[in-house]
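Close look at the chain arrangement
As a plain string of letters, each chain reads:
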Amino acid sequence: GWRRRYAWGSPRRPAPQTAHYKLPDCRFAADPTPMPYRSKTVAAWLALTGGLLGLHRLYLHGLRDPLAWLHWLPTAAGLTGVARLHNLGQDDPAAWVLIPVLGLTISAVMLTAIVYALTPDERWDALHNPGQSGAAAGWGAVLAAIAALLLGGAALMGSVAYGGQMYFEWALRAAQTAPPAVPGR
């Protein structure tokens with residue numbers, strides 16, 4: 001298609017270059033120093049253990065990555081829902097909304113850990129270690145994928161079950177408190 005013919009880096013339209021560095025070899029345009037090696041196993045385990053705080057993105061993309069800092073918002077909102085549930089009980093409607101946000105955030109981060117762990121080594125090195133010799137990931141990445149699948153599946157099922165239960169309890173309570181319909185009006 002036309003995107004392939006006119007995309008940057010195609011034979012008809014080469015990628016722009018500057019005098020002192022090439023764009024594909026450097027993550028940030030202002031920093032021409034070579035990037036340190038980024039391990040697939042470390043990234044997967046960081047997503048598994050610290051993904052709710054965005055540590056995996058900070059490891060891969062540095063402190064300037066805005067998506068890494070956005071991980072704090074749904075995590076804080078979900079933890080606020082857990083605290084509200086603990087302090088105010090099950091009848092708190094804000095907790096009904098905020099707790100599934102935490103569960104969905106955990107599931108999304110675990111999916112990220114699975115994707116990192118199961119990415120082929122050659123593709124990982126092309127994306128995160130351009131121009132460097134790569135190392136085989138081994139069993140550490142596989143174990144991270146297994147753990148992420150277990151935790152992510154449990155969090156997703158739990159948040160869907162909790163959110164569905166609270167919704168149906170709310171709908172039942174609303175139907176019980178509604179005034180009866182008067183015939184003929």
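Every value quoted in this text rests on a predicted model; they were computed, and no experiment measured them. Residue indices follow the written sequence of each chain, beginning from 1 at its first position. Owing to the predicted nature of the model, reporting of local features is limited to residues with pLDDT of at least 70; listing and counting of side-chain atom pairs is limited to 80 or more, with chain, interface and lining totals taken over all residues. The side-chain figures draw on all heavy atoms in the structure; neither hydrogens nor water molecules are used.

1. Structural notes on the packing of helix H2 (residues 40–50) against helix H6 (residues 93–118)
Structural elements are reduced to axes, namely lines fitted to C-alpha atoms, with helices fitted over the stretch in contact, and the angle between N-to-C directions of any two is expressed from 0 to 180 degrees. Where helices and strands are cited, they refer to DSSP runs of H or I of at least four residues and of E of at least two residues respectively, numbered from the N terminus. Where H2 contacts H6, the two axes come as close as 8 Å, and the packing angle between them is 170°. Relative to H6, the element H2 lies roughly antiparallel. Taking contact as the criterion, the partners of Lys-40, Ala-43, Ala-44, Ala-47 and Leu-48 in H2 are, on H6, Val-109, Met-110, Ala-113, Tyr-116 and Ala-117. In what follows, roughly perpendicular refers to angles from 65 to 115 degrees, roughly parallel to angles under 35, roughly antiparallel to angles over 145, and oblique to any angle outside these ranges. Every residue pair with non-hydrogen atoms within 4.5 Å of one another is taken to be in contact.

2. Here's the deal with the confidence of the model for the chain
Atomic detail in the predicted coordinates should be set aside for any region of low pLDDT. The pLDDT averaged across the chain works out to 83; a share of 81% of its residues lies at or above 70. Mean pLDDT values over the elements of the chain span from 47, in helix H1 (residues 2–6), up to 95, in H2. Predicted confidence is poor over residues 1–8, with pLDDT under 50, and the contacts of this stretch with residues over four places away or in other chains come to 10 contacts. Taken together, the stretch residues 21–26 has pLDDT below 50 and engages in 11 contacts with residues farther than four places along the chain or on a different chain. Per residue, pLDDT measures the predictor's confidence, with a range of 0 to 100.

3. Some remarks on H2
Only protein chains enter the calculation, and the probe is 1.4 Å; a residue is then buried if its accessible area is under 20% of its type maximum, exposed if over 50%, and partly exposed in between. By the burial criterion, the buried members of H2 are Lys-40, Thr-41, Ala-43, Ala-44, Ala-47, Leu-48 and Gly-50. Among the structural elements, helix H3 (55–61), H6, helix H7 (121–128) and helix H8 (139–177) are those in contact with the buried residues of H2. N or O atoms closer than or at 3.5 Å make up a polar contact, with two conditions inside protein: a donor-capable atom paired with an acceptor-capable one, and, for residues adjacent in sequence, both atoms drawn from side chains. For H2, the capping residue at the N-terminal end is Ser-39, with a side-chain oxygen 3.3 Å from the backbone nitrogen of Thr-41.

4. Examining a nonpolar patch on the surface
Like-charged residues within 9 Å of one another, or nonpolar side chains (Val, Leu, Ile, Met, Phe, Trp, Tyr) within 5 Å, are grouped into patches, provided each residue has over 30% relative accessible area and no salt bridge. Each accessible area is a Shrake-Rupley result for a 1.4 Å probe, and residues are judged covered by the shown protein chains and nothing else. A carboxyl oxygen of Asp or Glu within 4 Å of a side-chain nitrogen of Lys or Arg is what we treat as a salt bridge. On the surface, Trp-45, Trp-139, Val-142, Leu-143, Ile-146 and Leu-150 cluster together to form a nonpolar patch covering roughly 640 Å² of accessible area. Considering each element in turn, the nonpolar patch owes the most residues, five residues, to H8. Its location among the elements puts Val-142 in helix H8. Taking relative accessible area as the criterion, Val-142 reaches 31% and is therefore assigned partly exposed.

5. Here's the deal with the side chain of Ser-107
Of note, Ser-107 is situated in helix H6. Residues within four places of Ser-107 in sequence aside, it is in contact with Gly-152, Ala-155 and Leu-156.

6. Topic: the nonpolar core
Membership of the largest hydrophobic core comes to 17 residues, with the highest contact counts inside it found for Ala-43, Leu-60, Tyr-116 and Ala-148. Among the secondary structure elements, those contributing two or more residues to this core are H2, H3, H6 and H8. Of all the elements, H6 adds the most residues to this core, at six residues. Ignoring any residue separated from it by four or fewer positions in sequence, one finds Leu-60 in contact with Arg-38, Ala-43, Tyr-116, Trp-124 and His-128. Put simply, buried Ala, Val, Leu, Ile, Met, Phe, Trp, Tyr and Cys residues joined by side-chain atoms within 4.5 Å make one nonpolar core.

7. Remarks on the environment of Ala-137
Topologically, Ala-137 is positioned in the loop between H7 and H8. Sequence separation of Ala-137 and Asp-121 is 16 residues, and the distance between their C-alpha atoms is 6.9 Å. Ignoring anything within four residues of it in the chain, the contact list for Ala-137 reads Lys-40, Thr-41 and Asp-121.

8. Thoughts on H7
Within H7 the residues assigned to the buried category are Trp-124, Asp-125 and His-128. Axial view of H7: buried residues confined to an arc of 95°, hence all on one face. Of the exposed residues in H7, those oriented more than 90 degrees away from the buried face are Glu-122, Arg-123 and Ala-126. Looking at the buried side of H7, the elements it contacts are H2, H3 and H6. Directions drawn from the helix axis to the C-beta atoms are what define this arc.

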